[in-house]
Amino acid sequence: MEYNHLSPLGWNTYFENQIAEDEKELIVGRVSIENKTNYQVLTARDTYIAEATGRLFYMAETDAELPKVGDWVLTMEIDKGKAIIQKVLERQSVISRKVPGKKLEEQIIATNIDKLFIVQGLDGNFNLARLERYLTLAQNVEPIIVLNKADLCPDPDDIVQQVKERIKNAEIVVVAALQNQVSALHPHIKPGSTIAIVGSSGVGKSTIINSLIGQPLVATGEVRELDSKGRHTTTSRHLMLLESGGVLIDTPGMRELQLWRDQSSLGTSFEDIEALSEHCKFKNCTHTDEKGCAITQALDEGSLDEAHWINYAKMKKELAYLETRQDVNAMLEKKKKWKKIQKDYKAIQKNRNM
Ligand SMILES: Nc1nc2c(ncn2[C@@H]2O[C@H](COP(=O)(O)OP(=O)(O)OP(=O)(O)O)[C@@H](O)[C@H]2O)c(=O)[nH]1
Ligand SMILES: [Zn+2]
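Residues numbered from 1 in each chain as written. Chains lettered and ligands numbered in written order. Predicted model: local features only at pLDDT ≥ 70, side-chain atom pairs only at ≥ 80, totals over all residues. Heavy atoms only, no water.

Participant: Go over the overall build of the protein chain with me, naming the residues and quoting the values.
Facilitator: Scanning the protein chain for helices and strands turns up eight helices and 15 strands. For the protein chain, the residues scored as buried account for 47% of the 354 residues in total. Summed over all atoms, the accessible surface of the protein chain reaches about 19700 Å², with 50% contributed by carbon and sulfur. (Helix = DSSP H or I, 4+ residues; strand = E, 2+ residues; numbered from the N terminus. Buried < 20%, exposed > 50% of the residue type's maximum accessible area, 1.4 Å probe, protein only. Areas by Shrake-Rupley, 256 points an atom, 1.4 Å probe, with all protein chains shown as cover.)

This is how it looks when you write it as structure tokens:
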């Protein structure tokens, strides 16, 4: 099977190498919309409404293992325009957060992303600490900071300077989507590469997309479905092909962004702090009152921004807390599984003895 025709959708050898000999008859597609009970899957030529096999559901230990927008899937056509998803190919990158509320679960925002547009408004919405938080989403993904609503800001350059001083390694782009001034984004949109666009509600994500789209190759339109109470809801997360080439994934505005990632690194926005702490005298330095602490020294000298440090420390704490809760959760799950195994075993023994 030839897969070249899939490259405009973002296909590459990372995915191709995962296809086994006996899977070559299956149709490869990319999940463009996740509905409550089914998915929309795009192939080079067609659009399918697809359901996941029972086996996929049964085998999945968490929701994160089920198909998500951006995933490459192997499907079987069962009728015209209808397919069954047999397998989700291993993801090249994942953007996820903790589900809002008390539940301890990962919520996948999008998968197989090359670039992440992190949007903030240059109006009252602008907030450096929030920007740093959003930047932690970018793992194996290139983040681009998109400052929108330039028309509402008397001095955008001043804000760009503030961002640059605090976040050292991310590209910054200024746009005014309502005025259709988004050309600064064009160099970041390349054929076959996938971009996800994230940001709080109201920062102008939809306006930016409308301005970029011009004429979408695939008109997804508004997707409506019935929720559990029979009301119509709009699913706003979808993947679309841009006429200029490039794949764009729209995500719903987020009210809160709780972290979900491993503790080892907080990524781009805090690379400077992570590099600096390598120079602390003690490996397990708490950066409080140790002698030879590179962090406290930099804070004293003023070479490390205090607000930047405080935000980092806060998120580290959040991650540590998340990790202990995850551990407790995993332990309880294990206990539950063991109890069941023991019960099953006892039942078998009892049957044998009868
Ligand atoms: N002045 C100005 N207003 C803008 C600009 N871009 C978007 N807006 C306005 O900001 C409001 C929110 O824009 P949306 O595009 O709906 O924001 P969103 O990020 O998609 O919001 P959610 O769908 O809730 O996540 C709208 O009233 C837009 O007209 C801009 O460049 N300048
Ligand atoms: Zn230290």
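The rest of the description comes next.
Participant: How would you explain the coordination of the zinc ion (ligand 2) if you had to name every residue and give the values?
Facilitator: Bound to the zinc ion (ligand 2) are the protein donor atoms C280 (SG), C285 (SG), H287 (ND1) and C293 (SG), situated 2.1 to 2.4 Å from the metal. In terms of primary sequence, the donors binding the zinc ion (ligand 2) are separated according to C-x4-C-x1-H-x5-C. (Donors = N, O, S within 2.8 Å, 3.2 Å for Na, K, Ca; no water.)

Participant: Quick rundown of the site of ligand 1? Include the residues and the values.
Facilitator: Within the structure, ligand 1 sits among 17 residues, and D151, S201, K205, S206 and T207 are positioned closest to it. A distance of 2.9 Å separates an oxygen atom of ligand 1 from a polar backbone atom of G204. In the complex, the protein chains occlude 70% of the 650 Å² of accessible area that ligand 1 would expose alone. At three residues, helix α5 (residues 205–213) tops the list of elements feeding residues into the shell around ligand 1. Class assignment of the residues belonging to the shell around ligand 1 gives a composition of five nonpolar, nine polar and three charged. (Near = heavy atom within 4 Å. Polar contact = N/O pair within 3.5 Å; in protein donor to acceptor, adjacent residues only side chain to side chain. Nonpolar A, V, L, I, M, F, W, Y, C, P; charged D, E, K, R; others polar.)

Participant: Outline the environment of I19, supporting the account with residue identities and numerical values.
Facilitator: Topologically, I19 is positioned in the loop between α1 (13–16) and β1 (27–34). With a relative accessible area of 9%, I19 lands in the buried category.

Participant: Report on the side chain of D71, specifying residues and quantitative values.
Facilitator: Structurally, D71 is set in the loop between α2 (54–59) and β4 (72–79). Within the structure, the side chain of D71 is placed 2.7 Å from the backbone nitrogen of K68, a separation counted as a polar contact. Within the structure, the side chain of D71 is placed 2.9 Å from the side chain of T111, a separation counted as a polar contact. Leaving out residues up to four positions away in the same chain, D71 has contacts with G29, R30, V31, L66, V88, R91, T111 and N112. (Contact = heavy atoms within 4.5 Å.)

Participant: Describe empty space enclosed by the protein, listing the residues and the values that go with them.
Facilitator: A full pass over the atoms with the stated rule returns two cavities of 30 Å³ or more. In this structure, the largest cavity occupies an estimated 60 Å³ of space. If you go around the largest cavity, the residues you meet are V94, S96, T136, L137, Q139, L259, W260 and R261. Of the residues belonging to the lining of the largest cavity, the class tally is four nonpolar, three polar and one charged. (1 Å grid on protein atoms, 1.4 Å probe; cavity = no way out; pocket = protein on both sides within 12 Å on 5 of 7 lines; lining within 4 Å. Points joined across faces, edges and corners; volume = space filled by probe spheres on them.)

Participant: Describe the packing of aromatic side chains, and please don't skip the residues or the numbers.
Facilitator: The final tally for this structure, using the stated rule, is seven aromatic pairs. Their ring planes at 75 degrees and their centres at 4.8 Å tell us that W11 and W72 sit as a pair that is edge-to-face. Taken together, the residues span a long stretch of sequence, with W11 in the segment before α1 and W72 in strand β4 at a distance of 61 residues. We note that W11, like W72, is buried. One aromatic cluster is present, formed by Y3, W11, Y14, F15 and W72 through successive ring pairs. (Phe/Tyr/Trp six-rings, centres within 6.5 Å; stacked < 30°, edge-to-face > 60°.)

Participant: Outline unusual backbone geometry, listing residues and values.
Facilitator: Here N180, not a glycine, exhibits a phi torsion of approximately 65 degrees, which is positive. The backbone of H287 shows a phi angle near 55 degrees, a positive value even though the residue is not glycine. Counting through the fold element by element, H287 comes out in the loop between α6 (271–277) and α7 (294–301).

Participant: Give a detailed account of the environment of L104, specifying residues and quantitative values.
Facilitator: In this structure, L104 sits in the loop between β6 (94–98) and β7 (106–111). Spatially, the C-alpha atoms of L104 and Q326 are 7.3 Å apart, while their sequence positions differ by 222 residues. When sequence neighbours within four positions are dropped, the list of residues in contact with L104 reads K98, W260, L322, R325, Q326 and N329.

Participant: Quick rundown of the nonpolar core? Include the residues and the values.
Facilitator: Among the nonpolar cores identified, the biggest contains 60 residues, and W11, L116, L137, I145, L147 and V163 are the most heavily contacted of them. Considering every element that reaches this core, the biggest residue donor is helix α3 (residues 128–135), with four residues. Two domains each put at least three residues into this core: domain 1 (4–88) and domain 2 (94–250). I145 has contacts with I118, L131, L135, V163, I167, A170, E171, I172 and V173, leaving out every residue within four places of it along the chain. Ranked by size, the runner-up nonpolar core spans 20 residues in total, among them F117, V146, V175 and A177. (Core = buried A, V, L, I, M, F, W, Y, C linked by side-chain atoms within 4.5 Å. Domains from an automatic or database assignment.)

Participant: Got a sec to walk through the packing of α3 against helix α4 (residues 156–166)? Specific residues and values, please.
Facilitator: A packed helix pair is summarised by two numbers, namely the angle formed by the two axes and the spacing between the axes. With their axes 11 Å apart at the nearest point, α3 and α4 run at an angle of 55 degrees to one another. With respect to α4, the axis of α3 lies oblique. Judged by the sense of rotation from one axis to the other, the crossing of α3 with α4 is right-handed. Every residue of α4 that contacts α3 at L128, A129, L131 and E132 is listed here: Q162, V163 and R166. Residue classes in the contact of α3 with α4 are distributed as four nonpolar, one polar and two charged. (Axes fitted to C-alpha atoms, helices over the stretch in contact; angles between N-to-C directions. Parallel < 35°, antiparallel > 145°, perpendicular 65-115°, else oblique. Left-handed = near helix turned anticlockwise from the far one by under 90°.)

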